[in-house]
Amino acid sequence: MAKVRVLVAKPGLDGHDRGAKVVARALRDAGFEVIYTGLRQTPEQIAEAALQEDVNVVAMSILSGAHPHLFPKVVNLIREKGMDDVLIIGGGVIPETDIPALKEAGIAEVFTPGTPTGDIVEFIKANVK
Amino acid sequence: MDIVEELLKGNRLALSRAITAIENEYDEAMDIMKKLYPHTGHAFVLGITGPPGAGKSTLTDKLARAYRAQGKTVGIIAIDPTSPFTGGAILGDRIRMNGLTTDEGVFIRSMGTRGSLGGLSHKTADAVKAMDAFGKDIIFVETVGVGQSEVDIVKAADTTMVVLIPGMGDDIQAIKAGILEIGDVFTINKADHDGADKLVREMNMMLDLDGLMTDWRPPIQKVIASQNEGITETIENIEKHFKYISENGILTKRRTERSKNEMLDVLHSNIGSYITKKLVESGKMDEYVEQIKARETDPYTVVSNVMKDMLK
Ligand SMILES: Nc1nc2c(ncn2[C@@H]2O[C@H](COP(=O)(O)OP(=O)(O)OP(=O)(O)O)[C@@H](O)[C@H]2O)c(=O)[nH]1
Ligand SMILES: [Mg+2]
């Protein structure tokens, strides 16, 4: 039986991953298989882990403000590896004004702080391929 | 993408997709395995098991680096428990192995136990074969705990390393029967904590009492995985064991036994799912269940009749 596999990743140099862990647990409780890789991942590490784990979803979170650079980079690397179907979502401290550009770059949805984890679960269920 | 052709060419995405097909029991998995099988049998398979948090992943990371330094390619299958309540899992072993992710000579795959343990050992064995056919020289299989389930999974391994840590108290008593049976090599990790020497003594005593029937005495090595200490010695122990089983015909025997189990596994699961499918499709399943519930018949009679009907 197929199971939705989600890579929860923290690109960049953020000092903690409390938020990412909360999301990881919520996704597990929704019945997903969550691959958790911890802090300070490079885009190349995230893309390669997504490939080796053959995930359906990559969920990234950034607090530091590096998202305009790092999110699109991860999208490109994942697509370059031939994983066209992977749903890529982002979260963290992200100003509203940055969101259109991120979506343009291939981030399917952006979740800002305070989003109920249930919304993320629902979004994944509705959009995963 | 032709998964088999691409996998054999060294395409990592193809290997990844093959393992997904195995895990999800897609129909194509059987066909993939048929075609990969002739390309298997070259890898050395090392099982690593032990209680939660013993440092198995940290150790796997360090051992993998040491093998990489020897020029060998590495596959890692890291298995974590699936929640029986939600069916979800957090697979966190990669956290300790992030440095290996972008090394092209290493491929790491996390797997959840997903309920049926019998199914898991079969899937693990197939995932090992996919990595073997891909050309990995050494394949690590990390599983948590020391119980019957792990014993089954570990059957896919040539050499099994059991990782223990000081301060487990009475736990060691509880698990000793299991570990003495499956451990070819013992590692006492977190030797920077108090009690490592005591644990080594206890282990030695248990091995003495056990009066092992073979002339292989499992070595016990103190290790501090997080500081890369004791890794060289651990690799020497693994290699000594491999040499021992190779020279004594044990490896051949283990691999023969494994081939038999593989065949029986495939046989059981195929016959089982074939019959189940027939029963469901014909509507007989519900009929029988109702009759059993009403005590008009019993499961044993039903199964005898079904077998008579279908396996003529
Ligand atoms: N003090 C000390 N800590 C260690 C040592 N080896 C690993 N650790 C730490 O122990 C913790 C668990 O390590 P892991 O490698 O994740 O252990 P594991 O057995 O793979 O854990 P599970 O897969 O969750 O069962 C981590 O915080 C490691 O840094 C060691 O030799 N000494
Ligand atoms: Mg682990």
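What counts as what
Residues numbered from 1 in each chain as written. Chains lettered and ligands numbered in written order. Predicted model: local features only at pLDDT ≥ 70, side-chain atom pairs only at ≥ 80, totals over all residues. Heavy atoms only, no water. Near = heavy atom within 4 Å. Polar contact = N/O pair within 3.5 Å; in protein donor to acceptor, adjacent residues only side chain to side chain. Areas by Shrake-Rupley, 256 points an atom, 1.4 Å probe, with all protein chains shown as cover. Helix = DSSP H or I, 4+ residues; strand = E, 2+ residues; numbered from the N terminus. Nonpolar A, V, L, I, M, F, W, Y, C, P; charged D, E, K, R; others polar. Donors = N, O, S within 2.8 Å, 3.2 Å for Na, K, Ca; no water. Domains from an automatic or database assignment. Contact = heavy atoms within 4.5 Å. Buried area = accessible area lost by both parts, 1.4 Å probe.

### Looking at the site of ligand 1
Residues and elements named next belong to chain B. Around ligand 1 sit 19 residues in total, of which Lys56, Ser57, Thr58, Arg96 and Asp192 are the nearest. Aspartate 192 places a side-chain nitrogen or oxygen 2.8 Å from a nitrogen atom of ligand 1. Here histidine 193 contributes a side-chain N or O atom positioned 3.2 Å from a nitrogen atom of ligand 1. Bound to the protein, ligand 1 loses 76% of the 650 Å² it would expose on its own. Every element with two or more residues in the shell around ligand 1 is listed here: α4 (56-69) and β5 (138-144). In the shell around ligand 1, the residues fall into five nonpolar, seven polar and seven charged.

### Some points on the coordination of the magnesium ion (ligand 2)
Residues and elements named next belong to chain B. At the metal site, the magnesium ion (ligand 2) is ligated by Ser57 (OG), Asp93 (OD) and Glu142 (OE), and these contacts range over 2.0 to 2.2 Å. Along the chain, the residues that donate to the magnesium ion (ligand 2) are spaced as S-x35-D-x48-E. In this pair, serine 57 sits in helix α4 while glutamate 142 sits in strand β5, placing the two residues 85 residues apart along the sequence.

### Thoughts on the domain arrangement of chain B
Residues and elements named next belong to chain B. As assigned here, chain B comprises domain 1 (1-38), domain 2 (40-248) and domain 3 (264-310). With 17 residues of domain 1 at the contact, the number on the domain 2 side is 15 residues. Taking both sides of the interface into account, the surface hidden between domain 1 and domain 2 amounts to around 1700 Å²; carbon and sulfur atoms contribute 63%. Considering only the side of domain 1, the residues that lose the most area to domain 2 are Arg12, Leu15 and Glu23, jointly responsible for 37% of the buried surface there. Our enumeration of links across domain 1 and domain 2 arrives at six residue pairs in polar contact (both at pLDDT 80 or more). Elements represented by at least two residues in the side of domain 1 that touches domain 2 include exactly α1 (3-9), α2 (12-23) and α3 (28-36). Here the side of domain 1 that touches domain 2 takes seven residues from α2, the largest share from any one element. Each residue belonging to the side of domain 1 that touches domain 2 can be placed in one class, and the counts come to nine nonpolar, five polar and three charged.

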